[in-house]
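# Residue-level structural notes
Take a look at the letters that make up each chain.
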Amino acid sequence: MITLCAQLLDTALIGYSFKLHRFSSELNKISHLSFAKLVCIPVALLIVGNDVLAENIASSVQSVSSAPRVPSEIVLHPKIEQTAVAKPFTLKGAVDYAEKYYPNMLKGQSEVRAAKRNVTVQKLNEYLPDSLFQWQQIMSSHNKLTQVFFGSPVFPAISGPATNSTSMEPVFFTSGGFSIDWAPLDFGLHKARINFAKALAEQTVKQFASTSLDIGLTAANAYLDAVIALEQVKAAQQNVASFEQFYQVVHAQVDASLKPGADESLALAQLANARNNLIRAELSRDLSFANLANSIGLGGTMIDINPTGIAEQDEPANIQKSQPVFEQVPILQASNAALRAALAQKKVLDKEYYPVLHFLGGVNLRGSGLSPTVAGANQSANASGTMPTIPNYQVALIVNWNFLDIIRIHQEKKVQLERIYQRQQDYNLVMQTLRTEDIQSRDRVQAALHLAENMPIQVQAAVIATKQAEARYKTGLGSIAQVAQANETLAQSRVQEAIAKVGVWRALLSVASVHGDLRPFLDEVNRVQRGK
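Residues numbered from 1 in each chain as written. Predicted model: local features only at pLDDT ≥ 70, side-chain atom pairs only at ≥ 80, totals over all residues. Heavy atoms only, no water.

## Some details on the overall build of the chain
- Counting secondary structure elements, the chain contains twelve helices and four strands.
- Expressed as a percentage of contacts within the chain between residues at least 6 apart in sequence, the contacts between residues at least 24 apart total 85%.
- Put simply, the chain shows about 31700 Å² of open surface, and 58% of that area lies on carbon and sulfur atoms. (Helix = DSSP H or I, 4+ residues; strand = E, 2+ residues; numbered from the N terminus. Contact = heavy atoms within 4.5 Å. Areas by Shrake-Rupley, 256 points an atom, 1.4 Å probe, with all protein chains shown as cover.)

Okay, structure coming up:
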C-alpha cells in the first residue's frame, strides 16, 4: 500500500492535460481494489492541489489494476425521449394546461414576483441609511510640507503637525470606526421614486395578464386547428372507402366485359389519388397535434385530443352578447399601465431639482506612532500606533444641491413629455383596434352561423349526386370521371361542413379575445364537450 501511495504521488507531479470525467471513469474500473488503496487517491490530489494531475493518477491506478481499459462515454446533451400523455385534452383542458405550464407563463409569473419585490428594494434604497465600517492598518513615513493639492488615491492624506526632520523610517498608523449617512428629507424625491417602482410593477402585472390571454388564445386556436385536421382525415378516409367500393364495382363490370379496361385503370387512379389525399390529411393532423403540444408547453410530446361536440354541434352564439368593457381588456390595461409609468417617471424629474439633506454621524478610534502633542516624539517604543487609542465622534448636517441640474432636468422633462404623448397615442391605437376587432368578430360569428346552417344542405346534395353518378355509370349513362368528380365534391363538402362548425367556435373565440376574458367561452365549450 505504501508503494502504491508513493507511486501515485510521484506520477501526480507530471503535468498532462486531462478530462475530469475520464478520471472518474477510471476509478469506477478498480472497484475490486481495497478501500485503503483508494484512500491514497484523494490524498494525492489534496497534496498536489491541481486538477491537471488527475489523469496521471488515473493512469497509475490502471497500471496496478488488472481490469481492462474501456473508453468512457461523453454525453454532451441529455437524450430527449418522446413521451405520450395518456389522457386526451379537451379544449378547456388544453388552455388550462398552457396557462399553468407554458414557459412564457412561468417566466411572466417570475417577472411579476421580481417587480413586486423591486418595490421593497426601492423603499430600502430610498430610506435605509448608508452605513460603512472601516479599519485601516498602515505603516509609512510621515514627512509633510506646506502645499495645496487635490485629493488623489496616489497620494494619501497625512494629518497632524510636521516632524522636526525628514526621515524615511516607517511609523505605524491605525484607525477604525463606522459612519451612518441618512437622507430622509428630499422634498418628495424618495416617494416619487417609490411610486415609479410601483408603476413599473403594475405595468409588469398588466403585461403578464395580456401575455396570459395571448397564450390561452394561441392554445385554443391550435386546438381548433387540430380538430379541423381530424375532420379532414375522417373525410379523406370516407373518400377512400367510397373509391374502394366503386373500384370493386368497376372491376366486376370489366371482368364481365360490360365496361372497357380503361375504366378500371381510371378507377384505380382515382383510388390512388384518394389514398394520397388521406396521407396528406394525416400529415396535416400530425403537424397540428405537434403545434398544439408546443403551444401548451409540451413540445416534442405525443398528445391526443377529445374533439367531442366541437365539429358535431355549432354553438348558437348565446354567449358574450354584451358590449365589451374595453377598459378591462388586458392589452388596454397594459397600455394604460405604461402610460402611468411614464407619468410617474416625470414626477421623479419634478422632484430631482430640490436639495437633499444628509444627516451624518459616526464614531472612530485612531492610533499613531507619532505623539499627538509633541512633534517627532514617540508615544511609546516598538509597536506604537498599531492599535487605535484616540476616540472621536462626529455629527453633521450636509445639504447637497446641484443647482445647475435645472438645465439638464428641463431638457429631460421635454423628452419625457414626448414619451408620455407616445404612450397616450399607443393607448388610443389599442382602443381603436379593439373597437374595430369587436365589430369584425361579431360579423364573423354571424357569417359562421350562416355557413354552419347551410353546409348540411350542401353535404346532403353531394351525397345524392354521388349516388346518382354511380347509378348512371352502372347503367351506362354516365362516365367514370363524373363519379370521381361527385366523390371529390362530397369529400370537400364533408370537410367544409366540419370547418364551418368549428368556424363558429373560432369566431366566438375572437369575440372572447376582444372581451379580454376566455372563461365564458371555455365554460360553454366544456359544457358541450361533456354533453351537458
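## Concerning the packing of aromatic side chains
- Tallying each qualifying case throughout the model produces seven aromatic pairs.
- With 5.6 Å between their ring centres and 70° between their planes, Y353 and W401 make a pair best called edge-to-face. Placement of the pair is Y353 in the loop between α9 (330-351) and β3 (356-368) and W401 in the loop between β4 (390-400) and α10 (405-474), with a sequence separation of 48 residues.
- An aromatic cluster is built from F89, Y97 and Y101, whose rings are joined through pairwise contacts. (Phe/Tyr/Trp six-rings, centres within 6.5 Å; stacked < 30°, edge-to-face > 60°.)

## Brief notes about the pairing of strand β2 (residues 171-185)
- As paired strands, strand β1 (residues 130-140) and β2 are joined by eleven bridges and run antiparallel to one another. Residue F133 lies in a different strand from β2, and its bridge partner there is F178.
- Sheet topology note: the β2/β3 ladder contains eleven bridges and is antiparallel. Across the sheet, the residue bridging to S175 is R366, located in β3. (Pairing = 2+ DSSP bridges.)

## Brief notes about the confidence of the model for the chain
- For the chain, per-residue confidence averages 78 on the pLDDT scale, and 76% of positions sit at 70 or higher.
- Predicted confidence is poor over residues 1-82, with pLDDT under 50, and the contacts of this stretch with residues over four places away or in other chains come to 72 contacts. (pLDDT = per-residue confidence, 0-100.)

## Regarding the pattern of salt bridges
- Tallied over the full model, the rule gives 17 salt bridges.
- Here E99 ties to R519 by a salt bridge, and the two come within 3.3 Å at their closest N and O atoms. One end of the pair, E99, is in helix α5 (residues 91-101); the other, R519, is in helix α12 (residues 519-529), and 420 residues separate them in sequence.
- A salt bridge links D350 to K413, with the shortest nitrogen-to-oxygen separation between them at 3.1 Å. Separated by 63 residues along the polypeptide, D350 in helix α9 and K413 in helix α10 bring together distant segments of the chain.
- Relative accessible area serves as the criterion here: at 24%, D350 is assigned to the partly exposed category.
- Overall, the relative accessible area of 25% leaves K413 in the partly exposed class.
- Connected through shared salt-bridge partners, K92, D96, E99 and R519 make up one network. (Salt bridge = Lys/Arg side-chain N within 4 Å of Asp/Glu carboxyl O. Buried < 20%, exposed > 50% of the residue type's maximum accessible area, 1.4 Å probe, protein only.)

## Description of the nonpolar core
- Residues L91, Y223, I296, I310 and F521 are the most contacted members of the largest nonpolar core, which totals 45 residues.
- Counting residues per element, this core draws most heavily on helix α7 (residues 189-255), which supplies twelve residues.
- Not counting chain neighbours up to four residues away, the residues in contact with L91 comprise A220, Y223, L224, I310, F521, L522, V525 and Q529.
- Formed by 19 residues, the second largest nonpolar core is a distinct cluster that contains F243, F246, L278 and V483. (Core = buried A, V, L, I, M, F, W, Y, C linked by side-chain atoms within 4.5 Å.)

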